[in-house]
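So the chains spell out like this:
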Amino acid sequence: SQDMAGVRSEQARRIITHRCRELASTAEGGRNLRVFRIAAAASQLHAAGALDLVGALDDITQAARAAGLGDREIANTIASGVARGKQDGPWKFE
């Protein structure tokens, strides 16, 4: 239903916003893995029809920059994460 779609969309945005906030304050050592995982989640949420992928990837990029990662590293890690998310298939909402 339309209502459920709205709820899922809101939930998807909250998931990405929360994880980006965590990423932005992540110290060296865990940043790339976190970027990879968030990008994979964003890809799965997009596949489920609940998330604008372009906007989410922009948010992830900004958070990764705030954590101190360089743009090329960020782009490569996001691309890997998105590919992984596509492999794993659409997000399973509870």
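The structure reproduced in this document is the subject of the present report. Computed from a predicted model, the values in this text were never measured in an experiment.

Observations concerning the nonpolar core
Part 1 of the argument: The biggest cluster of nonpolar side chains holds 24 residues, and the ones touching the most others in it are I16, L23, I60 and I78.
Part 2 of the argument: Breaking this core down by element, the ones donating at least two residues are α1 (2-24), α2 (31-47), α3 (53-66) and α4 (71-88).
Part 3 of the argument: With six residues, the top contributor of residues to this core is α3.

Observations concerning the pattern of salt bridges
Part 1 of the argument: The final tally for this structure, using the stated rule, is three salt bridges.
Part 2 of the argument: One salt bridge connects R65 with D71, and the closest N-O pair in it is separated by 2.7 Å.
Part 3 of the argument: In this structure R65 comes out as partly exposed when scored by relative accessible area, which is 38%.

Describing the environment of E94
Part 1 of the argument: For E94, the position within the fold is in the segment after α4.
Part 2 of the argument: Measuring from C-alpha to C-alpha, the distance between E94 and R8 comes to 10.0 Å, with 86 residues separating the pair along the chain.

Thoughts on the packing of α1 against α2
Part 1 of the argument: At a minimum axis separation of 10 Å, α1 and α2 run at an interaxial angle of 170°. One element, α1, and the other, α2, form an angle in the roughly antiparallel class. Contacts between α1 and α2 involve A12, I15, I16, R19, C20, E22 and L23 from the first element and R31, R34, V35, I38, A41, A42 and L45 from the second.
Part 2 of the argument: Grouping the constituent residues of the contact of α1 with α2 by class yields ten nonpolar, no polar and four charged.

Considering the packing of α2 against α3
Part 1 of the argument: For the pair α2 and α3, interaxial distance at closest approach is 10 Å and the crossing angle is 170°. Classified by the interaxial angle, the pair formed by α2 and α3 is roughly antiparallel. When α2 is examined against α3, the residues V35, I38, A39, A42, S43 and H46 are found in contact with a partner set consisting of L53, A56, I60 and A64.
Part 2 of the argument: Tallied by class, the residues present in the contact of α2 with α3 amount to eight nonpolar, two polar and no charged.

Here we look at α3
Part 1 of the argument: The end-to-end C-alpha separation of α3 is 20 Å, in line with the 20 Å expected for 14 residues at 1.5 Å each.
Part 2 of the argument: If you check which residues of α3 are buried, you get L53, A56, L57, I60, T61, A63 and A64. All buried residues of α3 lie within an arc of 165° about the axis, which places them on one face of the element. Residues of α3 that are exposed and point more than 90 degrees away from the buried face comprise V54 and A66.
Part 3 of the argument: Along its buried surface, α3 packs onto α1, α2 and α4.
Part 4 of the argument: G68 sits one or two residues past α3 and shows a positive phi near 100°.

Conventions used here
Residues numbered from 1 in each chain as written. Predicted model: local features only at pLDDT ≥ 70, side-chain atom pairs only at ≥ 80, totals over all residues. Heavy atoms only, no water. Core = buried A, V, L, I, M, F, W, Y, C linked by side-chain atoms within 4.5 Å. Buried < 20%, exposed > 50% of the residue type's maximum accessible area, 1.4 Å probe, protein only. Helix = DSSP H or I, 4+ residues; strand = E, 2+ residues; numbered from the N terminus. Salt bridge = Lys/Arg side-chain N within 4 Å of Asp/Glu carboxyl O. Axes fitted to C-alpha atoms, helices over the stretch in contact; angles between N-to-C directions. Parallel < 35°, antiparallel > 145°, perpendicular 65-115°, else oblique. Contact = heavy atoms within 4.5 Å. Nonpolar A, V, L, I, M, F, W, Y, C, P; charged D, E, K, R; others polar. Expected span 1.5 Å × (residues − 1). Arc of directions from axis to C-beta.

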